[in-house]
Amino acid sequence: MFLAVPVLGVGTFAVAPFFNIWLPADVSEHGRSVDSLFMFILWLTGAVFVITELLLFWFMWKYDSTKSKTPAKYVHGNHALEVVWTILPAATLLFLAIYQMNTWADIKMRRPVMAPTVEVVGRQFEWRLRYPGRDGSLGTPDDLFLVNDLHVPVDEDILIQLKTMDVLHSFFLPNLRIKQDAVPGMKIPVWFKALETGEFDIVCAELCGWGHYKMKGRITIESRADFDAWLEKKYALQEQTAPPPEETETAGL
Amino acid sequence: MIEATKQRLTQSQEKQVATVLLAMFGTPDNPVVLAETGLDLEKLRLCAGPVRSDIVGRKNGLYREHCAHCHGITGDAMGPTAAFLNPYPRDYRPGVFKFKSTERVEKPTHVDLVRILHNGIAGTSMPSFALLSETKIDALAEYVKYLSIRGETELSLMRAFFELDDDAKGILPETREFLIGEMLLPASEKWLAAKESQIPVPLISEGVDLVESIAKGKALFYGDKANCVKCHGVTGLGDGQANDYDDWNKPIVEIDKELRGTRERIKVTATASMSPEELAEHVALQDWVTKLSQVLDGDSLKPRTVVPRNLRHGVYRGGRRPLDLYYRIYAGINGAPMPAAKGAVSPEDIWHIVNYVRSLPYEFDGELGADRPLIARERF
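Keep in mind the model is a prediction, meaning the values are calculated, not measured.

K.L.:
Can you walk me through the overall build of chain B in this structure?
P.N.:
When helices and strands are tallied, chain B shows 14 helices and three strands. Along the first, second and third principal axes, the C-alpha atoms of chain B reach 75 × 60 × 50 Å. Counting the 380 residues in chain B, one finds 35% classified as buried. Of the contacts made within chain B by residues no fewer than 6 positions apart, 66% connect residues no fewer than 24 positions apart.

K.L.:
Honestly, the sheet that holds strand 4 (residues 149–153) of chain A in this entry has me stumped. Any pointers?
P.N.:
Hydrogen bonds along the backbone pair up the strands of a sheet, which may run parallel or antiparallel. All names here are of chain A. The sheet built from five strands is open, its strands ordered 4-10-9-6-7 with mixed pairing. Pairing within the sheet leaves two strands with one partner each, and these edge strands are strand 4 and strand 7 (178–182). Direction aside, the axes of adjacent strands within the sheet are offset by 20 degrees on average. Sheet analysis places strand 4 next to strand 10 (residues 217–222), joined by five bridges and oriented parallel. Across the sheet, the residue bridging to Val152 is Ile221, located in strand 10. On the sheet, helix 5 (residues 224–238) packs against strand 4 and strand 10 and is oriented at approximately 140 degrees with respect to strand 4.

K.L.:
Can you help me understand the interface of chain A and chain B in this one?
P.N.:
A common way to state how big an interface is: give the accessible area lost once the parts meet. Each partner contributes residues to the interface: chain A has 27 residues there, and chain B has 29 residues. For the side of chain A that touches chain B, the secondary structure elements donating two or more residues are strand 3 (144–147) and strand 8 (186–193) of chain A. Among the elements that make up the side of chain A that touches chain B, the one with the highest residue count is strand 8 of chain A (four residues). Looking at the side of chain A that touches chain B residue by residue, the class counts come to twelve nonpolar, eight polar and seven charged.

K.L.:
What exactly am I supposed to notice about the domain arrangement of chain B here?
P.N.:
Residues and elements named next belong to chain B. The assigned domain composition of chain B is domain 1 (2–196), domain 2 (199–245 + 308–362) and domain 3 (250–297). Once you take the C-alpha centre of each, domain 1 and domain 2 turn out to be 31 Å apart. With 15 residues of domain 1 in contact, the opposing surface of domain 2 contributes 14 residues. Tallied by class, the residues present in the side of domain 1 that touches domain 2 amount to six nonpolar, five polar and four charged.

K.L.:
Any chance you could explain the domain arrangement of chain A here in plain terms?
P.N.:
Residue and element names in this part refer to chain A. Taken domain by domain, chain A comprises domain 1 (4–18 + 25–65 + 78–107) and domain 2 (118–240). Here the C-alpha centroids of domain 1 and domain 2 sit 36 Å apart. With eight residues of domain 1 at the contact, the number on the domain 2 side is ten residues. Classifying every residue of the side of domain 1 that touches domain 2 by side-chain character gives three nonpolar, three polar and two charged.

K.L.:
Can you help me understand unusual backbone geometry in this one?
P.N.:
Most peptide bonds take the trans form, and the phi angle of most residues other than glycine is negative. That bond from A:Gln124 to A:Phe125 is cis: its omega, 0 degrees, falls within 30 degrees of zero. Tracing the backbone through its elements, the reader meets A:Phe125 in the loop between strand 1 (118–123) and strand 2 (126–131). Cis rather than trans, the peptide bond between B:Asn86 and B:Pro87 has omega equal to 5 degrees. Inspection of the secondary structure assignment puts B:Pro87 in the loop between helix 5 (68–71) and helix 6 (110–119). Look at A:Asn148: it is not a glycine, yet its phi comes out positive at around 70 degrees. Mapped onto the secondary structure, A:Asn148 falls in the loop between strand 3 and strand 4. Even without glycine at this site, B:Asn227 takes up a positive phi of about 50 degrees. For B:Asn227, the location among the structural elements is in the loop between helix 9 (210–222) and helix 10 (229–232).

K.L.:
Mind showing me how you'd approach helix 13 (residues 322–331) of chain B here?
P.N.:
Residue and element names in this part refer to chain B. Burial analysis of helix 13 places nine of its ten residues in the buried class, which makes it a mostly covered element. Within the sequence span of helix 13, burial applies to Pro322, Asp324, Leu325, Tyr326, Tyr327, Arg328, Ile329, Tyr330 and Ala331. Next to the buried residues of helix 13 lie helix 14 (347–359). Positive phi appears at Gly332, one or two residues downstream of helix 13, with a value of about 70 degrees.

K.L.:
Is there a simple way to explain the packing of helix 13 of chain B against helix 14 of chain B in this structure?
P.N.:
Geometrically, a packed helix pair is captured by the angle between its two axes and the distance between the axes. Residues and elements named next belong to chain B. Contact pair helix 13 / helix 14: the axes reach a minimum separation of 9 Å and the direction vectors enclose 120 degrees. By the angle between their axes, helix 13 is oblique relative to helix 14. Classified by chirality, the crossing of helix 14 by helix 13 is right-handed. Facing helix 13, whose interface residues are Pro322, Leu325, Tyr326, Ile329 and Tyr330, helix 14 presents Ile350, Trp351, Ile353, Val354, Val357 and Arg358. The residue makeup of the contact of helix 13 with helix 14, split by class, is ten nonpolar, no polar and one charged.

K.L.:
I would appreciate a short explanation of the nonpolar core in the present structure.
P.N.:
One broad rule of soluble globular proteins: the nonpolar side chains tend to lie buried together. All names here are of chain B. Ranked by size, the top nonpolar core spans 63 residues in total, and within it Cys47, Leu140, Tyr143 and Ile353 carry the most contacts. Element by element, the count of residues in this core is highest for helix 7 (residues 134–160), at eleven residues. Viewed by domain, this core spans two of them, domain 1 (2–196) and domain 2 (199–245 + 308–362), each represented by three or more residues. In this view, Ile353 contacts Gly217, Leu220, Phe221, Ala226 and Ile329; residues no more than four positions away in its chain are not counted.

What counts, and where the lines are drawn
- Residues numbered from 1 in each chain as written.
- Chains lettered and ligands numbered in written order.
- Predicted model: local features only at pLDDT ≥ 70, side-chain atom pairs only at ≥ 80, totals over all residues.
- Helix = DSSP H or I, 4+ residues; strand = E, 2+ residues; numbered from the N terminus.
- Buried ≥ 20, exposed ≤ 12 C-beta atoms within 10 Å, placed from the backbone.
- Contact = placed C-beta atoms within 7 Å.
- Pairing = 2+ DSSP bridges.
- Axes fitted to C-alpha atoms, helices over the stretch in contact; angles between N-to-C directions.
- Nonpolar A, V, L, I, M, F, W, Y, C, P; charged D, E, K, R; others polar.
- Domains from an automatic or database assignment.
- Parallel < 35°, antiparallel > 145°, perpendicular 65-115°, else oblique.
- Left-handed = near helix turned anticlockwise from the far one by under 90°.
- Core = buried A, V, L, I, M, F, W, Y, C linked by C-beta atoms within 7 Å.

The following block contains the structure:
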């Protein structure tokens, strides 16, 4: 009967994708290698899991006291067996560690040499954004200030400068396979390239207080032309010196 | 102070107020609107009640989902998270709002409220609800007005008890002209008239040299007419003074003083020679002191002085558009000690001050404003 538990466990994994309970859609460039690593490890550990469980239940069934009458023998271990089942998993893990290094380096070490596209500052409980503006540099009077509404152009390298104003947060883009803790006092570069347009979530992945659950933002990936037009529109709104005419009062607020 | 007035009422007086409010405004689950308020009941229904989805999957209970935990279920800013915030969330009940496009003592327009909901308030815990749909933001702004009108009506009703003459026998008149005409309309009419009191803004002339304008603004900033440095400090860091309270905290400070004085007097009052009426009054006073002390020591948020804005940060609560800064300087900030420059400073001069203020975070050409890698341990 206990066998039903691991069987159900494996069963849910097999069936889940058909119920849409699987990894979120991936629209990033490096996401492919991240997901294939995930699947590789899943299959590998899954196979080991299945074999181990089958062995476990076979032994439990074969040596069940109602069937097998020979009393248990107490041994001091089998040296050869222990060496094998230590070396084999260690080698597998070492293999995994080396196998994933390239992907890790792509995401965390090989930074594209470019000026930041946007500065993202985590704050309880929102993501404050600062675009460099026409002069291309942050910290000048033509910067564009926004909250939670991140836009980036598609098919281009994006570099984000990640900071936090108060406590630890974690900048998590599920659909781009990006997650980076924002640490107070540190300015951390985050980069990716988005391959498809669309609107996706920004989520906070480090418990930061009572509002952590609702620290949600939105990333909009759009064509370069749309992105530039959007920046212009938002900048014009930020620099308003006259009240807008009535009909367009709230448009593009 | 709202709580102080509340504690002065007897049980039956409280019940009268509650009955009237129930009839005029309904409950948090089932709001009611009188036609005189001009509020849209459909929008209120979207915000009222528990968080749930209706038959077409539309989210309801918006106020409870997004606002009540700070602003409180009645808009009294005593929600469970309010005590952790600095600055405190807005109490809608006095009907005073800080960041708007109308003259100082007038109500904000509907669009003003929508703007605050959309952008949030930078530098405070008021979040930006830009990710909500326009319909939802619109409905929430309507609900804020509803709670504010209700709060002001409640205060009027409570105060009315102290203005009743003896033959009313402590019972409020139940006539339409009293309840709606004298209690409700003074609040709700101001909301309907808000649009008419929008601040006139002169267009900026095309050929204005920014450098010149900033220099003029600086002179005005330090000058006598505007005298910004008195509070904002000679360095613009907001260290001019920090002794004043805003209109939501001031009553608490004053009532606290009054309470302490009253407690002292009660202690030394000799009750032996009092007439029955005097004794009854004395007991009622003691009762009030006890109840109010419990409120002030318990639920009530501890008063804080209001700190003038540090203009070097470039964080502007009411909005960072030049237009928003114009509104702030022209009309001051309702409920806060920031005075109105209207009248003392001409509109063109106000624009000069706006330009100067906007240059303050960047005044030292990269030293203070630019993204310099000094404090952060950076990996660039």
